[in-house]
Amino acid sequence: MFQYEPFRDSTAYLNDGATLRARLAEDGYLFLRGLLPRQAILDVRTRLLRKAAAGGWVEPDSDGIANPATACKDPEPGYMAVFKGLWSDEALHRLRIDPRVLALFDRTLGARALAHPMFVQRNIFPQSDAFDFTTGIHQDRVHIGGATSYAMWMPLGDCPREMGALAVAAGSHHQGILPTRVGSGAGGMDIAVPIPGTWVTGDFAAGDALIFQDVTVHKALPNRTRSLRLSFDARYQKLTEPVADTNLVPYSGCGTWDDVYRGWSGQEGQYYWKDLPIRPVPLDRSHYERRDAMAFEMAEAGDRAARDAILRIIQRDPAAEKRERAERLLVLLDGG
Ligand SMILES: O=C(O)CCC(=O)C(=O)O
């Protein structure tokens, strides 16, 4: 069983870059209350819930009570059809580049920060016997690449623990990238060694932020409420350091940036990185290659534990040959 300590609250040091930097280096995370105004978050929540209700995910005018009959998850086609509209929302995009957020990262990193154009918006349906999509234990570095980056996780609304708040293993970042194996965790991978550090979590109010390093181990708690859990997580790094090219494109399945911006009413926040002196590099795919070799071997032996990794290859791998092999193996795993 997991034991959780409360987050160490760094709100009192919001304007003290040296203390924020020291705490981030020590714990691998920062918990900040009220980084953004509550109302700004609730306005975005209302916009996204309207789109979620139109897609049948939540009861109209219910502030997010989920319709269990439509429970779905990324990257299922039914999820993507509705998600695309939520991810592309202009007010949502502007939250991660809000001047208060950028100034916080400038201060904390002690250098000009870059907000990655790519970010994640998540909609987690309530857990039930028939449905569970709780983010498993993982580190971000293998997925984000580049040099050191930092995530900012923010719920879009109040998010008590029972709604699926995030938990981090404080101090786990000191061990660097941990060994992984094929599994049902994020990106079809599980961490293959005991997790170092101390698990911490807490109840979030709209506007609170959790910031953590890309090798800090983290996971979500299950959503045990009747509501959809809405959140976003964006990534930041020093502008002078290399950024993996996969962080410069829109979320997979959401089209091009022009597609994303087509429905916007204003240009604020569009292509903000184009005039910055960024240093794109290819994503280091060696972690995925190791995972995939293992997943292919397991799937060929009929091991269903490889299914999530096989799905990820189908959804995201740039090599057509690998995607085709994964598609054939998925049929085999699903008893076809
Ligand atoms: O929101 C979640 O469920 C997971 C978030 C996460 O893993 C991340 O921000 O890296």
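So, how was this worked out
- Residues numbered from 1 in each chain as written.
- Predicted model: local features only at pLDDT ≥ 70, side-chain atom pairs only at ≥ 80, totals over all residues.
- Helix = DSSP H or I, 4+ residues; strand = E, 2+ residues; numbered from the N terminus.
- Expected span 1.5 Å × (residues − 1).
- Buried ≥ 20, exposed ≤ 12 C-beta atoms within 10 Å, placed from the backbone.
- Arc of directions from axis to C-beta.
- Contact = placed C-beta atoms within 7 Å.
- Near = placed C-beta within 6 Å.
- Nonpolar A, V, L, I, M, F, W, Y, C, P; charged D, E, K, R; others polar.
- Domains from an automatic or database assignment.
- Pairing = 2+ DSSP bridges.
- Axes fitted to C-alpha atoms, helices over the stretch in contact; angles between N-to-C directions.

Attention now goes to helix α10 (residues 320-333). Across its 14 residues, α10 extends 20 Å between first and last C-alpha, which sits within 8% of the 20 Å expected from 1.5 Å per residue. Among the residues making up α10, those that are buried are A326, L329 and L333. One face of α10 carries all of its buried residues, which in axial projection span an arc of 65°. Turned more than 90 degrees away from the buried face of α10, the exposed residues are A320, E321, E324, E327 and V331. Looking at the buried residues of α10, the elements they touch are α8 (286-300) and α9 (307-316). A positive backbone phi angle near 80° is found at G335, which sits one or two residues after α10.

Let us now look at the site of the ligand. For the ligand, the full set of nearby residues is R122, I124, T135, D140, A151, W153, L166, A186, H218, A220, S231 and D233. When residues of the shell around the ligand are traced back to their parent elements, those giving at least two are β3 (113-124), β4 (150-155), β10 (218-220) and β11 (229-238). Each residue belonging to the shell around the ligand can be placed in one class, and the counts come to 6 nonpolar, 3 polar and 3 charged.

Here the focus is the domain arrangement of the chain. Split into domains, the chain comes out as domain 1 (5-282) and domain 2 (285-336). The straight-line distance from the C-alpha centre of domain 1 to that of domain 2 is 26 Å. Listed per partner, the contact involves 11 residues of domain 1 and 12 residues of domain 2. Considering every element that reaches the side of domain 1 that touches domain 2, the biggest residue donor is strand β6 (residues 180-182), with 3 residues. Broken down by class, the residue content of the side of domain 1 that touches domain 2 amounts to 4 nonpolar, 6 polar and 1 charged.

Glancing now at the sheet that holds β4. Backbone hydrogen bonds hold the strands of a sheet together, and the pairing may be parallel or antiparallel. Read from one edge to the other, the open sheet built from 5 strands follows the order β2-β9-β4-β11-β3, with strand pairing classed as antiparallel. In this open sheet, the two edge strands, each paired with only one partner strand, are β2 (29-32) and β3. Across the sheet, the mean angle from the axis of one strand to that of its neighbour is 20°, orientation sign disregarded. Across 9 bridges, β3 lies against β11 in antiparallel orientation. The residue of β11 that forms the bridge with L114 is Q237. On top of the sheet, helix α5 (residues 99-109) reaches β3, β4 and β11; it is set at about 120° to β3, its chief contact.

Moving on: the pairing of β4. Of all 6 residues in β4, 6 are buried; the element is thus mostly enclosed. Every second residue of β4 is oriented toward a common face, with Y150, M152 and M154 on one face and A151, W153 and P155 on the other, all of them buried. Relative to strand β9 (residues 209-213), β4 is paired through 4 bridges, and the arrangement is antiparallel. By the bridge assignment, W153 is partnered in β9 with L210. For β4 and β11, the ladder comprises 6 bridges, and the chain directions are antiparallel. Each bridged residue has a counterpart across the sheet, and for Y150 the counterpart in β11 is Y236.

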